[in-house]
Amino acid sequence: MLYYSTNHTAARATLRDAVVRGLAEDRGLYMPEVIKQLPESFWDEMASLTFQEVAYRVADAFFGEDVEAKALRHIVCDTLSFDCPVVKVEDNIYALELFHGPTLAFKDVGARFMARLLRYFAPAGENKVNVLVATSGDTGSAVANGFLGVEGIHVYVLYPKGKVSPIQECQFTTLGQNITAIEVDGVFDDCQALVKSAFMDQDLNAHMRLTSANSINVARFLPQAFYYFWAYAQMVRLNAGMAFNLTFCVPSGNFGNICSALFGHTMGLPIKRFIAANNANDVFYNYLQTGIYTPQPSKQTIANAMDVGDPSNFARILDLYARGVVGGSPADIPSADPKAVHKAITSLISGATYTDGQIAATMCDCYAQTGYVLDPHGACGYRALKEQLQPSEIGIFLETAHPAKFKDTVDHILGIDLPIPEKLQTFMCGEKQSVAMSKDFANFKAFLLQQ
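Re the overall build of the protein
- When its secondary structure is counted, the protein shows 20 helices and 14 strands.
- Taken along the three principal axes of its C-alpha coordinates, the protein extends 60 × 50 × 45 Å.
- Buried positions account for 60% of the 451 residues belonging to the protein.
- Excluding contacts between residues fewer than 6 apart, the proportion of contacts in the protein whose partners are at least 24 apart in sequence is 74%.

Topic: the packing of aromatic side chains
- Evaluated as defined, the whole model comprises 22 aromatic pairs.
- Plain terms: the ring middles of F42 and W43 are 5.0 Å apart, the flat faces sit at 70 degrees to each other, and that makes the pair edge-to-face.
- Plain terms: the ring middles of Y227 and Y228 are 5.2 Å apart, the flat faces sit at 40 degrees to each other, and that makes the pair tilted.
- Taking relative accessible area as the criterion, Y228 reaches 1% and is therefore assigned buried.
- The ring of Y56 is capped by R73, whose NZ or CZ atom sits 4.0 Å from the centre of that ring.

Digging into the sheet that holds strand β6 (residues 129–134)
- If you walk across this open sheet you meet the 5 strands as β9-β6-β7-β8-β14, and the pairing is parallel. With one partner strand each, in any of the chains shown, β9 (209–212) and β14 (434–437) form the two edges of the open sheet. Averaged over all pairs of adjacent strands, the angle between their axes in this sheet comes to 25 degrees, without regard to strand direction.
- Against the sheet, helix α20 (residues 441–449) touches β6, β7 (153–160), β8 (179–184) and β14, its axis set at about 145 degrees to β14.

Describing the sheet that holds strand β1 (residues 2–5)
- Spatially, 3 strands are ordered β2-β1-β3 in an open sheet, and the strand pairing comes out antiparallel. This sheet does not close on itself; its edge strands, each paired only once, are β2 (13–14) and β3 (30–32).
- For β1 and β2, the ladder comprises 2 bridges, and the chain directions are antiparallel. Pairing of L2 across the sheet is with T14, part of β2.
- Sheet strands touched by helix α14 (residues 314–326): β1 and β3. Its angle to β3, the strand with the most contacts, is close to 35 degrees.

Overview of the packing of helix α3 (residues 51–63) against helix α4 (residues 69–79)
- Across the interface, α3 lies against α4 with an axial gap of 9 Å and an inter-helix angle of 130 degrees. Considering the angle they form, α3 stands oblique to α4. Crossing hand, α3 versus α4: right-handed. Counting all contacts with α3, which are made through Q52, A55, Y56, A59, D60 and F63, the residues of α4 involved are A69, L72, R73, V76 and C77.
- A per-class count over the contact of α3 with α4 returns 8 nonpolar, 1 polar and 2 charged.

Details of the side chain of N279
- Here N279 lies in the loop between β11 (273–278) and α13 (283–290).
- The class for N279 is buried, based on a relative accessible area of 0%.
- Within the structure, the side chain of N279 is placed 3.0 Å from the backbone oxygen of A303, a separation counted as a polar contact.

Description of helix α12 (residues 256–266)
- Summarising burial for α12: 9 of the 11 residues are buried, a large majority.
- Restricting attention to buried positions, one finds in α12 the residues G256, N257, I258, C259, S260, A261, L262, F263 and G264.
- A positive backbone phi angle near 120 degrees is found at G268, which sits one or two residues after α12.

Focus on unusual backbone geometry
- The backbone of N92 sits at a positive phi, close to 70 degrees, despite the residue not being glycine.
- Mapped onto the fold, N92 is located in the loop between β4 (86–90) and β5 (93–97).
- Under the relative-accessibility criterion, N92 is labelled partly exposed at 35%.

So, the pattern of salt bridges
- Here the structure, examined in full by the defined rule, presents 16 salt bridges.
- One salt bridge connects E45 with R57, and the closest N-O pair in it is separated by 2.9 Å. In this pair, E45 sits in helix α2 (residues 40–45) while R57 sits in helix α3, placing the two residues 12 residues apart along the sequence.
- Residue E45 is classed as partly exposed on the basis of its relative accessible area, which comes to 29%.
- On the accessibility criterion, R57 (30% relative accessible area) is partly exposed.
- Between K386 and E90 there is a salt bridge, with the nearest N and O atoms lying 3.0 Å from each other.

About the cut-offs
In this convention, every chain numbers its residues from 1, walking through the sequence in written order. Per-residue local features are limited, in this predicted model, to residues with pLDDT of at least 70; the limit for side-chain atom pairs, both in listing and counting, is 80 or more; totals at the level of whole chains, interfaces and linings are taken over all residues. Hydrogen atoms and water are omitted, and side-chain values are computed over all heavy atoms in the structure. Only DSSP runs of H or I covering at least 4 residues are called helices, and only runs of E covering at least 2 are called strands; the numbering of each starts at the N terminus. Three exposure classes are used, based on accessible area relative to the maximum for each residue type with a 1.4 Å probe and protein chains only: buried under 20%, partly exposed in between, and exposed over 50%. Whether two residues are in contact is decided by their heavy atoms, any of which lying within 4.5 Å being enough. Centre distance within 6.5 Å is the pairing criterion for rings of Phe, Tyr and Trp, where only the six-membered ring of Trp is used; planes under 30 degrees apart are then read as stacked, over 60 as edge-to-face, and the remainder as tilted. A positively charged side chain is recorded as over a ring if its NZ (Lys) or CZ (Arg) lies within 6 Å of the ring centre. The angle to the ring normal must also be within 35 degrees. Two strands form a pair only when DSSP identifies at least two bridges running between them. Angles shown run from 0 to 180 degrees and are taken between the N-to-C directions of axes, each axis being a line fitted to C-alpha atoms and, for helices, limited to the stretch in contact. For classification purposes, angles smaller than 35 degrees are called roughly parallel, those larger than 145 roughly antiparallel, those between 65 and 115 roughly perpendicular, and all remaining angles oblique. Left-handed describes a crossing whose near helix is turned anticlockwise from the far helix through less than a right angle; right-handed describes the clockwise counterpart. Only Asp, Glu, Lys and Arg are considered charged, only Ala, Val, Leu, Ile, Met, Phe, Trp, Tyr, Cys and Pro nonpolar, and every remaining residue, Gly among them, polar. For the purposes of these results, a polar contact is taken to be a pair of N or O atoms within 3.5 Å, where, inside protein, one atom must be able to donate a hydrogen and its partner to accept one; residues adjacent in sequence count only when each atom of the pair is a side-chain atom. Salt bridge, as used here: a side-chain nitrogen of Lys or Arg that lies within 4 Å of a carboxyl oxygen of Asp or Glu.

Without other data, these values stay purely geometric and don't point to any function.
The following block contains the structure:
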C-alpha cells in the first residue's frame, strides 16, 4: 500500500519509506491511500478471539500488503505481551486500562509495535537509524523502553525541563545504552518543533538517517487501534451478544490516540460516537465549537501528557473526514469544503475541557464514590463521560497511564499513599543521564552533527 502526505505535495511513499522517514518531505503526515473494511466474518467471531488474534486481523488490514504474514503475526504477538482489560467503574461506565505494559502507559502498544516493525524494515547491518521523539510524559518512556538494546537504532528523547513527573523522567533518563535523553529548556511544543525541523534539515539528513517515533509516525499511531477493537470485543462478551450503543471517551493531547480510534471506526468498528477530553489546552474543543483551528502556546497542567497547544494529528483528522466529504479520493481532499468537513467531524465527535481544579475534584469524587483511583488524564475522560453519556449508551474512557506515574499529584489530591508498582520502582533506582539543551534549533542541530 502507498502512503500520501496530508500536505498533498510530496510523492507517494511505501510503508517502509513512511516508517523509516517518519515525516513526509513537505512536512505533512503520512496517510494510507486505502482504509480497508474488515469482513463480516471478523465481527461474527470477534468475541471468541484473543487480544493478539483481534490485533493481527486489524494489523493485516493496515500492513498485510507490505509485511510477510508470519513476520507480522510475530510482531503483533511480541508487542502485545500484556492485556488491556475493560474494568467496570460504575453502571454503564468502564475504564479501558492501558497501563499493564512495561512502562505502564498506553503508548507501550504503539512504541513496541513500531520498534519491531522498524527492525523488520531496517535490519541489523544497515546504516544506523536515529529515532527522534518529543515527549510530554509517557511517549518518551514507552519509546525508549521499546527500542532499548535494539541493534542499529539510537533513540533521542526530547522532553521539556521540569514539565514531566519525576517517575516519568526516570523511565527514559536512566537507561543509557542506545537511549539519549535531551532536557529542553521549553515546553512540549518546543520539543516537537525541534524534531520536525530536524527532519527538514538537509545537513542533518545528509549526516544521519532520521525518523520519528512520535504519533506522527504511521507505525506508532495506527497500532493503537488494536485496543479499541479489543475493548469492543470484551463488551460483546459482557453483553452476551445483545445489542448496545458504545461511546468512547479519549483523553487527548497530540490526538494520535483518538485518531487511531477514528481509523477503526472507518474500518467498521461499531462505535456510536466519540468524546475528546482535553485539559486546559482546548484547541480542538474550540475547533469543534467554531470550525476554526487556532493553535496556542501549550499550558502546563497536572495532566501533563496532554499539554499540547498544536496537536500534530489534527491534520490527520481533517484529512480523514475531508476524504469522506469528497467521496474517498485522496486527490480531491484539498478541495473539500471546510464547513462540510467540520460538520462531519462534529457529527461523530464532541469535546470537553477541564481546569486543574476540575480534574482534581473529579479524582476525589470518583475515589470517594467508587474506590477507583484515576490518574489526571483518565479523570478528564471519566468526567466527560459522566457529563455527556446518554441513558441508552455504555461508555468507556481510557485510563492511559497508571496513577502511580503521577504519585505526588495523586497522593496530594486523594490524601493517600499510592503504592508504586515494582516495574516503576526498578526505573527509580537508576542514575539520571541527560543532555541539557535550549529550544534553539541551531544548538540541537550542532549537537546531532557531532553524533
